[in-house]
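# Residue-level structural notes
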Amino acid sequence: MARRPVAWVGAIVLLVEAVGIALLNWFLGLVVNKQDMSLAGLDPHAMSVSTWIAGGVFGLYLALCGVVMARSAIRDRAPGRFGRLLLISAAVVHGLLGAFSVGLVGWPAFVFMMVVLGLIVLTLVAYDKKPEEVADEPRASSGAAGGGAPENGAPQPA
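The rules behind each value
Residues numbered from 1 in each chain as written. Predicted model: local features only at pLDDT ≥ 70, side-chain atom pairs only at ≥ 80, totals over all residues. Heavy atoms only, no water. Helix = DSSP H or I, 4+ residues; strand = E, 2+ residues; numbered from the N terminus. Contact = heavy atoms within 4.5 Å. Salt bridge = Lys/Arg side-chain N within 4 Å of Asp/Glu carboxyl O. Buried < 20%, exposed > 50% of the residue type's maximum accessible area, 1.4 Å probe, protein only.

Topologically, histidine 94 is positioned in helix H3 (residues 81–104). Among all residues touching histidine 94, those that are not within four sequence positions of it are Leu14, Glu17, Leu62, Met113, Met114, Val116, Leu117 and Ile120.

This is the structure in structure tokens:
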């Protein structure tokens, strides 16, 4: 199955996106700082610093999502509860950003967001229980007191 390569590609894309978001917000903070204009009476320095902080926090969030996906690819196992919640939230964020980016940025940004969304969702769905894990689970006996016939059809000792 192609779940490991999908998880690796998703991890790499999320890490690159994290760096890109952090650099974009750093640049936007510089632009706001150089303009020396206020928006509704806000201090320009406060706006630039808050842009840098928001870019750093969102970049760290995406980097953490990338690390969770890379860990899943390395271990070839589903992420834990916290990792699944983190990836589900990242999928929701990418879906919303994709919807907003159509009108604001254009179709290429929408396509990128949907590709990342698809990689995250495919990673989450692909790491269901493996067939060999399902086969190894103990089966419930058919009898009420556990006295059902064995699976191989051999008589049970009394």
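On we go from here.
Further remarks concern the pattern of salt bridges. Enumeration over the complete set of coordinates arrives at 1 salt bridge. Salt-bridge contacts for arginine 3 lead to aspartate 76; the nearest nitrogen and oxygen are separated by 3.3 Å. Placement of the pair is arginine 3 in helix H1 (residues 3–35) and aspartate 76 in the loop between helix H2 (44–75) and H3, with a sequence separation of 73 residues. Neither arginine 3 nor aspartate 76 differs from the other in exposure class; each is buried.

We now examine unusual backbone geometry. In this model, aspartate 76 sits at a positive phi of 55°, which is unusual for a non-glycine residue. Looking at aspartate 76, the relative accessible area reads 17%, which means it is buried.

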